[in-house]
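One letter stands for each residue in the lines below.
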Amino acid sequence: MSRQHTTPQPNQYAYHQSSSRAAYPTFLSLHETLWLQTKWWFRGLFDAFRWDLVVRTATSDSEIRANIMKSLLLNMLSLTSIYTFDLILQPLVHDHPSWLHRNVGWFYRVLWLLPVVGVSFYLNSSWCNLIAKRTFVLQHGNRAAQPQPVTYTGMLTLLATSAYRAVMVLTSVIVSFALGAIPYGGPMISFVFMCWVDAYYCFEFIWIARGLSLSSRVRHLEERWAYYFAFGLPSAAICTWGSGLANAALFALLFPAYIIMAMHCRPVPQDPFNPQHSEGNDTVRYPSPLVPIRLPIFAVVIRLNDLIVRVLSVGGGVRQPLHNRLPSNSSENAEEGAGMELNRPSPGPRKPSQRSLGSGGTGGRNVVRSSDRRKRD
């Protein structure tokens, strides 16, 4: 029995070659990718100077206007108190021989400055939340922001979200100070990082309103790093020239305006993995491999959040082993209020109710009657 050798036809080679070529990804060139990133950077910078949107929104709605005015007045009081101490009191009592004069600055900080700044930050946060909700309603209608019923779980989730935001602000400040301590370029690296941090908090309200989780919010920013860096550049530049408290008060003063700008923004690109996508063209062209699509901007912050959440966790719920858990799972669960249920006493073994006893007894009588009927038959 002779073996028959089949020789492949030339068209089969051409088919396999064309299918392999079609399966290989297509990339944009390096200069095309850099040009796109530059355009996105300028788009973010342009959106960060849309003060016309702020004026139009404030003048068209009385609730937004009232909250902006309250925030403006309170933060102006904070800034006045801070600069009164920095420019007037501190030079006057510096190196003074009297104990009372030397400690005037300490008394001023504890009895006036810190309470005023703390109260202003708390009230400013609540007013900014109202401004963001009202702006979102004006854009998307009342149906987009239906109030959720107040429940026990909802209150815990709200407390967990507020606590987690405070933790994330703290870790971002710690990372910024740590980057600034790096010799030869540390302050510049810290400034670039703060540009992204400022942009994140300006957009956080609209991301939460759209239902994005923590990992989705971070991924969204890190995949559009050029746009968000440019958007956070003006506020970060304004808030780097004074002391720590003065910079924080300046950011709180600008925060409501940048929230309104963020509500009207359309961050680019729409699809970071196919930035030149157009309708009618299904070809996917990835950015150049030499330019990263996603920068791990908040990787250290998320790691620190995981560590703090693990330390502060008091055993609510079953903990996952570290090798089976994503880096931000514990932080995301903490932000969503998971594992915060109060330990309630577990109910003991339940006694059978009269209804169940009755139904059980009825079933037993039915069995007996059927067996008696068989014996009679």
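Below is a summary of the structure that appears in this document.

### Concerning the overall build of the protein chain
Broken down by element type, the protein chain carries 14 helices and two strands. Scored against the burial criterion, the 377 residues of the protein chain give a buried share of 34%. A sequence separation of at least 24 residues applies to 79% of the contacts in the protein chain between residues at least 6 apart. Split by element, the accessible area of the protein chain, about 24300 Å² in all, is 63% carbon and sulfur.

### A closer look at the packing of helix H3 (residues 51–60) against helix H11 (residues 244–264)
Running from amino to carboxyl end, H3 crosses H11 at an angle of 100°, the nearest separation of the two axes being 9 Å. When the axes of H3 and H11 are compared, the pair comes out roughly perpendicular. Contacts between H3 and H11 involve Trp 51, Leu 53, Val 54 and Thr 57 from the first element and Leu 254, Ala 257, Tyr 258, Ile 260, Met 261 and His 264 from the second. Taken together, the residues that form the contact of H3 with H11 break down as eight nonpolar, two polar and no charged.

### Structural notes on the nonpolar core
In this structure, Tyr 200, Phe 203, Phe 231 and Phe 298 are the most contacted members of the largest nonpolar core, which totals 65 residues. In contact with Phe 298, other than residues within four places in its own chain, are Met 168, Trp 196, Val 197, Tyr 200, Val 218, Leu 221 and Glu 222.

### Quick look at the packing of helix H10 (residues 225–238) against H11
At a closest axis distance of 10 Å, the pairing of H10 and H11 adopts a crossing angle of 165°. In terms of orientation, H10 and H11 fall into the roughly antiparallel class. Crossing geometry of H10 relative to H11 is assigned as right-handed. Contacts between H10 and H11 involve Phe 231, Pro 234, Ser 235 and Ile 238 on the former and, on the latter, Leu 250, Phe 251, Leu 254, Tyr 258, Met 261 and Ala 262. For the contact of H10 with H11, a count of residues per class yields nine nonpolar, one polar and no charged.

### So, the packing of aromatic side chains
Counted under the stated rule, the structure contains 16 aromatic pairs. For the pair Phe 27 and Tyr 286, a centre-to-centre distance of 6.0 Å together with 45° between the ring planes defines the contact as tilted. Taken together, the positions of Phe 27 in strand S1 (residues 26–27) and Tyr 286 in strand S2 (residues 285–286) put the pair 259 residues apart, joining distant regions of the chain. Ring centres of Tyr 227 and Tyr 228 lie 5.3 Å apart, and the angle between their planes is 90°; on these two criteria the pair is classed as edge-to-face. Looking at Tyr 227, the relative accessible area reads 0%, which means it is buried. One aromatic cluster is present, formed by Trp 51, Phe 193, Tyr 200, Tyr 201, Phe 203, Trp 207, Tyr 227, Tyr 228, Phe 231, Tyr 258 and Phe 298 through successive ring pairs.

### A few points about the environment of Ser 78
Examined against the element boundaries, Ser 78 turns out to sit in helix H4 (residues 62–93). Sequence separation between Ser 78 and Ala 249 is 171 residues; the distance between their C-alpha atoms is 6.7 Å. When near neighbours in sequence (up to four residues on either side) are disregarded, Ser 78 contacts Val 116, Val 117, Ser 120 and Ala 249.

### Some points on the environment of Met 168
Mapping Met 168 onto the fold places it in helix H7 (residues 152–180). C-alpha separation for the pair Met 168 and Ile 302, spaced 134 residues apart in sequence, amounts to 8.1 Å. In this structure Met 168 touches Tyr 200, Tyr 201, Leu 214, Phe 298, Val 301 and Asn 305, once residues within four positions along its chain are discounted.

### Some details on a nonpolar patch on the surface
A grouping of Leu 77, Trp 106, Phe 107, Val 110, Leu 111 and Trp 112 is seen on the molecular surface, where their side chains present a nonpolar patch of about 600 Å² in accessible area. Ranked by the residues each element gives to the nonpolar patch, the list is headed by helix H6 (residues 104–140), at five residues. Inspection of the secondary structure assignment puts Val 110 in helix H6.

### Section: the side chain of Asn 274
On the secondary structure map, Asn 274 appears in the loop between H11 and S2. A distance of 3.2 Å separates a polar side-chain atom of Asn 274 from the backbone nitrogen of Arg 285.

### Things to note about helix H2 (residues 30–47)
When the terminal C-alpha atoms of H2 are compared, their 26 Å separation across 18 residues agrees well with the 26 Å that a helix rising 1.5 Å per residue should span. Listed in full, the buried residues belonging to H2 are Thr 33, Leu 36, Gln 37, Trp 40, Gly 44 and Asp 47. The buried side chains of H2 occupy one side of the element, clustering within an arc of 95° when seen end-on. In H2, the exposed positions that point more than 90 degrees away from the buried face belong to His 31 and Trp 35. Turning to H2, the residues buried within the fold contact H10 and H11.

### Quick look at the pattern of salt bridges
Where charged atoms from two side chains of opposite charge approach closely, those side chains can pair. Tallied over the entire structure, the rule returns nine salt bridges. A salt bridge links Asp 52 to Arg 50; the shortest N-O distance between them is 3.1 Å. Judged by its relative accessible area of 36%, Asp 52 is partly exposed. Taking the relative accessible area as the measure of exposure, Arg 50 reaches 22% and is therefore partly exposed. Asp 52 is paired through a salt bridge with Arg 56; the nearest N and O atoms lie 3.5 Å apart. Note that Asp 52 and Arg 56 are positioned in helix H3 at a spacing of four residues, about one turn of the helix. Each of Arg 50, Asp 52 and Arg 56 takes part in one network of salt bridges that share partners.

What counts as what
Residues numbered from 1 in each chain as written. Predicted model: local features only at pLDDT ≥ 70, side-chain atom pairs only at ≥ 80, totals over all residues. Heavy atoms only, no water. Helix = DSSP H or I, 4+ residues; strand = E, 2+ residues; numbered from the N terminus. Buried < 20%, exposed > 50% of the residue type's maximum accessible area, 1.4 Å probe, protein only. Contact = heavy atoms within 4.5 Å. Areas by Shrake-Rupley, 256 points an atom, 1.4 Å probe, with all protein chains shown as cover. Axes fitted to C-alpha atoms, helices over the stretch in contact; angles between N-to-C directions. Parallel < 35°, antiparallel > 145°, perpendicular 65-115°, else oblique. Nonpolar A, V, L, I, M, F, W, Y, C, P; charged D, E, K, R; others polar. Core = buried A, V, L, I, M, F, W, Y, C linked by side-chain atoms within 4.5 Å. Left-handed = near helix turned anticlockwise from the far one by under 90°. Phe/Tyr/Trp six-rings, centres within 6.5 Å; stacked < 30°, edge-to-face > 60°. Patch = residues over 30% accessible without salt bridge, like charges linked within 9 Å, V, L, I, M, F, W, Y side chains within 5 Å. Salt bridge = Lys/Arg side-chain N within 4 Å of Asp/Glu carboxyl O. Polar contact = N/O pair within 3.5 Å; in protein donor to acceptor, adjacent residues only side chain to side chain. Expected span 1.5 Å × (residues − 1). Arc of directions from axis to C-beta.

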